[in-house]
Every structure is written in structure tokens, then in C-alpha cells.
Amino acid sequence: MWGKSVTAIMVATEFLEVGLNTVNKAAMNRGLSNFVLVFYSNVLGIFMLAPCIIIFYRKKSPPVLTRSTIYKIFLLGVLSYGGQICTYIGLGYGSPTLASAMADLTPAFTFIFSIISRMEKLDLGIKSSQAKSLGTLVSITGAFVVTLYKGLPLHQVLRIPHSNWIVGGFFLASHSVIFAIILNVQTWIIRGYPAEMLVTLMCSIIVAILSSVVSVMVEKDPDAWRIGMNMELIAFVYTAAFAVAFRSVVHKWALRKKGPIYVSMFKPLEMVIALAMGITFLGDQLYLGSLLGAAIIAIGFYAVIWGQAQEEKIVNDTESSIKDPLLSNTPSVI
């Protein structure tokens with residue numbers, strides 16, 4: 001039951017993720033500042049999370065917060081701020097479709113960092129590890145195709161300059177690397193301190209403090225800080241409610257249940273959704289390079305999934321044989 005619930009929530013999260021990118025891109029086209037978006041959304045997210053935490057812990061005490069956990073959460077906050085800035089800068093130069101294509105890199109980088117952090121074991125002598133390693137390399141190759149090769153436009157709309165496409169692809173690919181690290185760090189934290197909402201709140205406070213300092217230094221235009229009843233307000237509320245609060249808590253919950261690679265495997269779903277929404281609502285240009293690169297990334301992604309599924313099958317078979325040793329040793333009666 002839990003497995004199906006986690007899967008359903010993760011799929012819904014990816015749909016909302018594409019909607020977030022589409023809304024934020026529309027707001028950026030109207031002059032929304034990346035730095036102001038990060039600051040306001042995290043501050044608003046803090047006010048959304050605080051009442052939920054008060055209600056949740058009304059009749060029970062939260063886990064004891066140690067000094068080492070505080071250090072880990074501070075690291076998570078710094079990484080989260082860097083990831084958010086890379087996402088919005090990349091989205092500003094590129095498009096929601098490009099953002100989703102670069103998000104397909106997340107499973108590959110998560111696999112690499114999971115090996116480095118020893119959350120994942122690599123044995124090139126077995127087929128599952130070979131498939132995951134090869135899939136990682138193929139996915140990275142596909143990302144280079146999407147970023148560096150635009151190809152012919154498949155329908156005629158407003159074009160994004162190639163230089164902007166490369167800059168956007170670089171920042172969005174950087175976000176995929178940072179996000180892969182974040183998934184591993186969050187797993188590291190949440191398995192020792194199982195309080196998803198509290199960790200999210202503390203992380204948002206750290207991001208808000210960092211973004212306030214950077215935003216004041218970078219954003220000198222007073223008009224950029226004004227909030228009107230327009231698309232910018234929708235972007236602030238959507239980002240705070242979904243990205244800062246809901247998605248962060250869901251990811252931590254899923255990481256505790258399933259681990260970092262499982263969470264990252266849903267990212268490629270964004271590509272198909274983003275293509276439809278970007279072309280329909282934003283008038284994005286669809287390029288041959290995007291489709292070709294996305295296809296290559298998808299092949300690599302499913303190779304990683306196949307390898308992961310094979311390893312889970314081996315683990316389940318092993319656990320079954322341990323639980324029922326008599327069934328495997330009982331002689332047959334003729």
C-alpha cells in the first residue's frame with residue numbers, strides 16, 4: 001500500500017513541478033527578479049509551514065535536535081539556495097522544456113553521488129550495475145545534445161537565441177548536480193532525524209537569510225521588490241506553497257521510505273508534460289535537438305531504472321529466502 005501511495009504522490013509532484021516552471025517563466029517574462037522570487041517564496045513558505053508544525057506536534061514532542069543535525073541542515077540550506085538560484089537563472093535564459101530536459105540528468109547524478117556516499121553499491125561484475133553505469137553515461141550524453149545542439153525548429157514561433165539556450169542549459173544542468181547532492185544529504189539527515197516538516201522549516205529559514213543578504217546586494221531596483229496583483233504574485237504563492245513547503249516535505253518523506261535514487265527516477269516524467277505545456281501556454285519553440293537529446297536521456301534513464309529494479313528483485317528474493325528457509329529446504333514428496 002505504501003509503495004503505491006509514494007508512487008502516486010511523486011507522479012503528482014512532477015505534474016505540479018512543470019506547472020511551477022511554466023508559471024515562473026511567465027512571470028519572468030514580465031520582469032520578475034530571480035533573487036526576489038527566492039527570498040519572498042521562502043519567507044512565505046516559512047509562514048505556511050509554521051502553523052502545520054504547531055498542529056502536528058501539538059500532542060507529541062519532536063525528535064531531539066543535536067548539534068551535528070543542525071550542521072547538516074545548514075549544509076542542506078546552502079545547497080538548496082544554490083539549487084534554487086541555478087534553477088531560476090536557467091529558466092530565465094531557457095524554457096520550461098529545457099528545464100525538464102536537464103532534470104532528466106538527476107537520476108544519473110544521484111546514482112553517482114549515492115555511490116560516493118556509499119548509499120549505493122557498485123559491482124561492475126553484475127548486469128544491474130553495468131546497466132546503471134551505462135545508463136548514467138548515456139543520460140549525460142543526452143544532456144550535452146540538448147544543451148549544445150538545438151537543431152531545426154519543428155514549428156515556427158518566437159525563438160530563443162542559441163547563446164541564451166547554452167547559458168540556460170548550463171545553469172539547469174548545474175541545478176541537476178546540486179539537486180542530486182541535496183537528495184543524498186536529505187536522506188542522510190532524515191534517516192537520523194525523522195521530522196520532515198521541521199527540517200524543511202529550518203532549511204527554508206536558512207535559505208531566506210542567505211537570499212535576503214544576496215538579494216539586497218544584487219537587486220538594486222526598488223520596483224523589483226514590489227508585489228502587485230499579477231502573475232508575479234501567483235509565482236510567489238505557487239513557489240512557496242509547492243516548491244518550498246509541499247514538494248520539500250514530500251521528497252523528504254519519500255527519501256525516508258525509498259531512498260534517493262527512487263525519488264530521482266520520477267524526474268524524466270517532466271519532459272513530456274513540459275513539452276505540451278510550454279508549447280501550449282508559453283509559445284516555446286520545439287527543436288530537433290531537444291527531442292533527440294530527450295530520447296537519449298530517456299534511454300539512459302530506463303537503463304538505470306532496469307538496473308535498480310533488478311537489484312530490488314535480488315534483495316526481495318534474498319529476504320524471502322531468509323524469512324522462509326524451511327520452504328526452500330523442504331524435500332518434495334512423491
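The structure under discussion appears in the preceding block.
Below or above, wherever it landed, is the structure these notes cover. Everything quoted here is computed from the prediction, not taken from an experiment. Numbering of residues begins from 1 in every chain and follows the order in which that chain's sequence is written. For a predicted model such as this one, the threshold for reporting local features is a pLDDT of at least 70, and the threshold for listing and counting side-chain atom pairs is 80 or more; totals across whole chains, interfaces and linings nevertheless cover every residue. Side-chain numbers come from the whole structure's heavy atoms, not from hydrogens or water.

### Some thoughts on the packing of helix α2 (residues 34-56) against helix α9 (residues 231-258)
Only C-alpha atoms enter the line fits that serve as axes; for helices the fit covers just the stretch in contact. Angles between N-to-C directions range over 0 to 180 degrees. Only DSSP runs of H or I with at least four residues qualify as helices, and only runs of E with at least two residues qualify as strands; both kinds are numbered from the N terminus onward. Put simply, α2 and α9 touch, their axes get as near as 8 Å, and they point 60° apart. Between α2 and α9, the interaxial angle falls into the category oblique. Judged by the twist between their axes, the crossing of α2 over α9 is right-handed. Residues V36, L37, Y40, S41, N42, L44, G45, M48 and L49 of α2 lie in contact with α9, whose contacting residues are A235, F236, V237, T239, A240, A241, V244, A245 and V249. Partitioned by chemical class, the residues of the contact of α2 with α9 number 14 nonpolar, 4 polar and no charged. An angle counts as roughly parallel when it lies under 35 degrees, as roughly antiparallel when it exceeds 145, as roughly perpendicular when it falls between 65 and 115, and as oblique in every other case. Each crossing gets its handedness from the near helix: less than a right angle anticlockwise from the far helix is left-handed, clockwise is right-handed. We call two residues in contact when some of their heavy atoms are within 4.5 Å. Under the scheme applied here, ten amino acids are nonpolar (Ala, Val, Leu, Ile, Met, Phe, Trp, Tyr, Cys and Pro), four are charged (Asp, Glu, Lys and Arg), and all others, including Gly, are polar.

### Concerning α9
If you look at α9, its biggest bend is around 35°, right at R247. Definition of a polar contact: a pair of N or O atoms within 3.5 Å, with one able to donate and the other able to accept a hydrogen when the atoms are protein atoms, and with sequence-neighbouring residues admitted only if both atoms are side-chain atoms. Near the N-terminus of α9, the side chain that reaches the backbone nitrogen of E232, with its oxygen 3.1 Å away, is that of N230. Just downstream of α9, G259 is the residue with a positive phi angle, here 105°. Fitting axes to the seven residues that end at a residue and to the seven that start at it, the angle between those axes gives the bend at that residue.

### With respect to helix α5 (residues 106-116)
Where α5 is concerned, the buried positions are T106, P107, A108, F109, T110, F111 and S114. After α5 finishes, the residue R118 shows a positive phi value of roughly 65°. Each residue's exposure class comes from its accessible area (1.4 Å probe, protein chains only) as a fraction of the maximum for that residue type: buried when under 20%, exposed when over 50%, partly exposed otherwise.

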